[in-house]
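Reading the structure
The chain contents come next:
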Amino acid sequence: MEFLTHYWPAFLIVLLLLLTPLGAFYAVPQQELFVIERLGKFVRIAQPGLNFKIPFLESIRGKMSLRVKEIDIPGDFKTKDNVFIKVMVRVQYFVLASKIYDAFYRLTNPEQQIAAFVLNTVRAEVAGMNLQDVFLHQDAIGTAVNQQLSQRMSDFGFEINNSLITAILPPPEVVDAMNKVLATQNLMQAAQNEGAALKIKAVLEAEASSASKKLQGEGVAAERIAIARGILESANLLEAGIAGVSNNEAMKTLLLTQYFDTMKDIGAKSGSRVIFLSNSPSGLKDAEASIMSFMAAQEGSIAAERGQHVITEHQ
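Residues numbered from 1 in each chain as written. Predicted model: local features only at pLDDT ≥ 70, side-chain atom pairs only at ≥ 80, totals over all residues. Heavy atoms only, no water.

The first and last C-alpha atoms of helix α3 (residues 110-126) sit 24 Å apart over 17 residues, in line with the 24 Å expected at 1.5 Å per residue. Within α3, the full set of buried residues consists of Pro-110, Ile-114, Ala-115, Phe-117, Val-118, Thr-121, Val-122 and Val-126. Buried residues along α3 cover an arc of 165° about the axis, so they all sit on one side. α3 presents Gln-112 and Ala-124 as exposed residues on the side facing more than 90 degrees away from its buried surface. (Helix = DSSP H or I, 4+ residues; strand = E, 2+ residues; numbered from the N terminus. Expected span 1.5 Å × (residues − 1). Buried < 20%, exposed > 50% of the residue type's maximum accessible area, 1.4 Å probe, protein only. Arc of directions from axis to C-beta.)

So, about the packing of α3 against helix α5 (residues 138-153). Their axes nearest at 9 Å, the elements α3 and α5 cross at an angle of 135°. When the interaxial angle is binned, α3 and α5 end up oblique. Where α3 crosses over α5, the handedness of that crossing is right-handed. Taken together, the residues of α5 that come into contact with α3 (itself represented by Pro-110, Gln-113, Ile-114, Phe-117, Val-118, Asn-120, Thr-121, Val-122, Glu-125 and Val-126) are Ile-141, Ala-144, Val-145, Gln-148, Leu-149, Arg-152 and Met-153. Each residue belonging to the contact of α3 with α5 can be placed in one class, and the counts come to 11 nonpolar, 4 polar and 2 charged. (Axes fitted to C-alpha atoms, helices over the stretch in contact; angles between N-to-C directions. Parallel < 35°, antiparallel > 145°, perpendicular 65-115°, else oblique. Left-handed = near helix turned anticlockwise from the far one by under 90°. Contact = heavy atoms within 4.5 Å. Nonpolar A, V, L, I, M, F, W, Y, C, P; charged D, E, K, R; others polar.)

Residue Leu-39 is not a glycine yet carries a positive backbone phi of 55°. Inspection of the secondary structure puts Leu-39 in the loop between β2 (32-38) and β3 (41-46). For Leu-39, a relative accessible area of 68% corresponds to the exposed category. A positive phi angle, near 65°, is found at Asn-82, a position not held by glycine. Along the chain, Asn-82 turns up in the loop between β6 (69-78) and β7 (84-95).

Attention now moves to the pairing of β2. For a regular strand, side-chain orientation follows a simple rule: the groups alternate between the two sheet faces. Counted residue by residue, β2 has 6 buried out of 7 residues, so it is predominantly covered. Pairing of β2 with strand β5 (residues 58-65), which is carried by 7 bridges, proceeds in the antiparallel orientation. If you follow Leu-33 over to β5, its bridge partner there is Met-64. The sheet contact formed by β2 and β3 spans 5 bridges and is antiparallel. (Pairing = 2+ DSSP bridges.)

Pasting the structure below:
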């Protein structure tokens, strides 16, 4: 015992020197786990750090990484409207540390199994959608793949981190047709917008024209009322200022004055194209007779209308 007590450090060094070449000691890297078997039977999971195994009896059967891995899974699928498309699905997954045994022993090729589940799920989802819906609902397809895959692969010791639709590739002729349809729809929308703009412009112009004509008519009416009042006042002044002048004669004088004023204004303007008939005394007399006849006819028409209105009210 004294020998062992005094020389145990040297004995330990010799033992280490003998066991090291035999692979008794080994280191497990961070984010990795080693599967250890003894005579072909699973015994334990080696954790990161320095580990020991019995030479000749125990061996490292496999190494499992806990890092997140990615695989791209391509597939050909048929949509509801009978279009064949290529879809690329990217799956991110990792091994559960608590289920290393299942992940290592239950699946020979986990990536192949994941691809089979993914293709089956995407095929079921795409078969119920039209081509446009596939583009619109990429996230929904990815979510469905993630849910289905997580449920199935968790039993084998794998956790699905995410599933993404990274590419949807219809045939080139379908892409050309879709682009033409989209271009046609844009042209139709542009035409509708242009038509609506023209309609609004026409309505506004019509409203502006109506308002302008209304104001113009009110202005003309006010002008004629002012002229009529001026003529009436002038006739009254003539009748009152000159003894023996009747209202009819005063009106004739005013009409002749208006006639000469009009000729003066037209002659003062360049480019005038208004042509008067004879301006001789006989011509003036004829014009005077015509104007008076027209005024008499108008007065008779107004009087008849007033009489008819009175009869209607009595009835």
